[in-house]
Amino acid sequence: MAVQRIDHPLVQHKITLMRDKMTGPKEFRELVAETAMLMCYEATRDLPTKEIEIATPMGVAKSKIISGRKLAFVPILRAGLGMMDGLMTLVPAAKVGHIGLFRDTKSHEPVEYYVKLPEDIAERDVIVVDPMLATGHSAVQAIRILKQAGVANVKFMCIIASPEGIAAMQAAYPEVDIYCGAEDQGLNADAYIVPGMGDAGDRIFGTK
Ligand SMILES: O=c1ccn([C@@H]2O[C@H](COP(=O)(O)O)[C@@H](O)[C@H]2O)c(=O)[nH]1
Ligand SMILES: O=P(O)(O)OP(=O)(O)O
Ligand SMILES: [Mg+2]
């Protein structure tokens, strides 16, 4: 498994603004979407292309289009939803599946409450998105659901990852590439990433 940290200055700048506890929900939401769009640029770098001929106003150009297997994004609800505007701006033809998980406050284990996937998900390359990879159990569960649905090729994209989350993913799905913007120190007793940026879902939707 490869962990790719996206160290583009724009991504790093936006992460700093998201970390700031004074950043309110409107700005936080915009930053999550913008960061996701920038990260998606890297996560889709290996999409296959083919050359076609296209009529321009001045003649015929040999030019590339994306070819091969189609893409689906799967946000882990709720926080993953915040990344979708940016991703769909970049890849408007992608289909979207939803996996709803919340973490039990005592065990920190994910509790599944909703799954809706495109009918042809097994024929698509999938990028699972969640701003935070903490214990890694939500991401592992989401990928398990997708594998059971027949998905062969899956990547995971988060804004901040913990070493524990990366290790959990590596143990469960060593073949899944992880794209992250930052790798932080670790988890606190409540399984939040330190220093992190708090509860991403609450900050996106203003619920706390
Ligand atoms: O600092 C944090 C840590 C976690 N979250 C939310 O929890 C899940 C991921 O947690 P796992 O422990 O990896 O299952 C993720 O959906 C986040 O929304 C958070 O917001 N902030
Ligand atoms: O993983 P959680 O419990 O933080 O869920 P949500 O994304 O709904 O905040
Ligand atoms: Mg939350």
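Here the structure is a predicted model, which is why all the values come from computation and not from measurement.

(A) Up close: the overall build of the protein chain. Scanning the protein chain from N- to C-terminus turns up 6 helices and 13 strands. Its C-alpha atoms give the protein chain a radius of gyration of 18 Å, near enough to 17 Å, the size a compact globule of 208 residues would have. With the C-alpha coordinates of the protein chain rotated into their principal frame, the extents come out at 65 × 40 × 30 Å. Within the protein chain, buried positions represent 46% of all 208 residues. Long-range pairs, those at least 24 residues apart, make up 64% of the contacts in the protein chain with a sequence separation of at least 6.

(B) Representation of the packing of helix H4 (residues 137-148) against helix H5 (residues 163-172). Their axes nearest at 9 Å, the elements H4 and H5 cross at an angle of 30°. One element, H4, and the other, H5, form an angle in the roughly parallel class. Note on packing geometry: the crossing formed by H4 with H5 is right-handed. The residues of H5 that touch H4, namely those facing Ala139, Val140 and Ile143, are Ala168, Met169 and Ala172. Tallied by class, residues from the contact of H4 with H5 come to 6 nonpolar, no polar and no charged.

(C) Region of interest: the coordination of the magnesium ion (ligand 3). The protein atoms donating to the magnesium ion (ligand 3) are Asp199 (OD) and Asp199 (OD), with metal-donor distances spanning 2.3 to 2.5 Å. Positionally, aspartate 199 belongs in the loop between strand E13 (193-194) and helix H6 (200-205).

(D) Broad picture of the site of ligand 2. The immediate surroundings of ligand 2 are formed by Leu77, Arg78, Ala79, Leu101, Phe102, Arg103, Asp199 and Gly201. About the coverage of ligand 2: the protein hides 79% of its 280 Å² of free accessible area. At 3 residues, strand E6 (residues 98-103) tops the list of elements feeding residues into the shell around ligand 2. Residues belonging to the shell around ligand 2 are distributed by class as follows: 4 nonpolar, 1 polar and 3 charged.

(E) Examining the pattern of salt bridges more closely. Summed over all chains, the structure comprises 12 salt bridges. With a shortest N-O distance of 2.8 Å, glutamate 30 and lysine 26 are connected by a salt bridge. With glutamate 30 and lysine 26 both in helix H2 (residues 25-43) and 4 residues apart, this pair spans about one turn of that helix. Using a relative accessible area of 36% as the deciding quantity, one classes glutamate 30 as partly exposed. A salt bridge links aspartate 120 to lysine 95, with the shortest nitrogen-to-oxygen separation between them at 3.5 Å.

(F) Main features of the site of ligand 1. Surrounding ligand 1, one finds 16 residues, the nearest of these being Arg103, Asp130, Thr135, Ser138 and Ala200. Within the contact set of ligand 1, an oxygen atom lies 2.5 Å away from a side-chain nitrogen or oxygen of serine 138. The contact in question runs from an oxygen atom of ligand 1 to an N or O atom on the backbone of alanine 200, over 2.7 Å. Coverage of ligand 1 by the protein amounts to 95% of the 460 Å² it exposes when considered alone. If you list the elements that add at least two residues to the shell around ligand 1, you get strand E9 (132-133) and H4. The class makeup of the residues in the shell around ligand 1 is 8 nonpolar, 5 polar and 3 charged.

(G) Geometry of the packing of helix H1 (residues 9-19) against H2. Look at H1 against H2: their axes get within 10 Å of each other, and the N-to-C directions meet at 155°. It follows that H1 is roughly antiparallel to H2 by the angle criterion. Helix-helix and strand crossings are classified by hand; for H1 and H2 the assignment is left-handed. Contacts between H1 and H2 involve Leu10, Val11, Lys14, Ile15, Leu17 and Met18 from the former and Glu27, Phe28, Leu31, Val32, Glu34, Thr35, Leu38 and Met39 from the latter. When grouped by side-chain class, the residues that make up the contact of H1 with H2 number 10 nonpolar, 1 polar and 3 charged.

(H) Summary view of the UniProt feature "binding site: 5-phospho-alpha-D-ribose 1-diphosphate" (unreviewed entry) in the protein chain. On the UniProt side, "binding site: 5-phospho-alpha-D-ribose 1-diphosphate" (unreviewed entry) is annotated at positions that read Arg78, Arg103, Asp130, Pro131, Met132, Leu133, Ala134, Thr135, Gly136, His137, Ser138 and Asp199 here. Structurally, alanine 134 can be placed in the loop between E9 and H4. Among residues more than four places away in sequence, those in contact with alanine 134 are Arg103, Ser162, Glu164, Gly165, Leu187, Ala191 and Ile193.

About the thresholds
- Residues numbered from 1 in each chain as written.
- Chains lettered and ligands numbered in written order.
- Predicted model: local features only at pLDDT ≥ 70, side-chain atom pairs only at ≥ 80, totals over all residues.
- Heavy atoms only, no water.
- Helix = DSSP H or I, 4+ residues; strand = E, 2+ residues; numbered from the N terminus.
- Rg over C-alpha atoms; globule rule 2.2 N^0.38 Å.
- Buried < 20%, exposed > 50% of the residue type's maximum accessible area, 1.4 Å probe, protein only.
- Contact = heavy atoms within 4.5 Å.
- Axes fitted to C-alpha atoms, helices over the stretch in contact; angles between N-to-C directions.
- Parallel < 35°, antiparallel > 145°, perpendicular 65-115°, else oblique.
- Left-handed = near helix turned anticlockwise from the far one by under 90°.
- Nonpolar A, V, L, I, M, F, W, Y, C, P; charged D, E, K, R; others polar.
- Donors = N, O, S within 2.8 Å, 3.2 Å for Na, K, Ca; no water.
- Near = heavy atom within 4 Å.
- Areas by Shrake-Rupley, 256 points an atom, 1.4 Å probe, with all protein chains shown as cover.
- Salt bridge = Lys/Arg side-chain N within 4 Å of Asp/Glu carboxyl O.
- Polar contact = N/O pair within 3.5 Å; in protein donor to acceptor, adjacent residues only side chain to side chain.
- UniProt positions renumbered as here; feature names shortened; annotations may be inferred.

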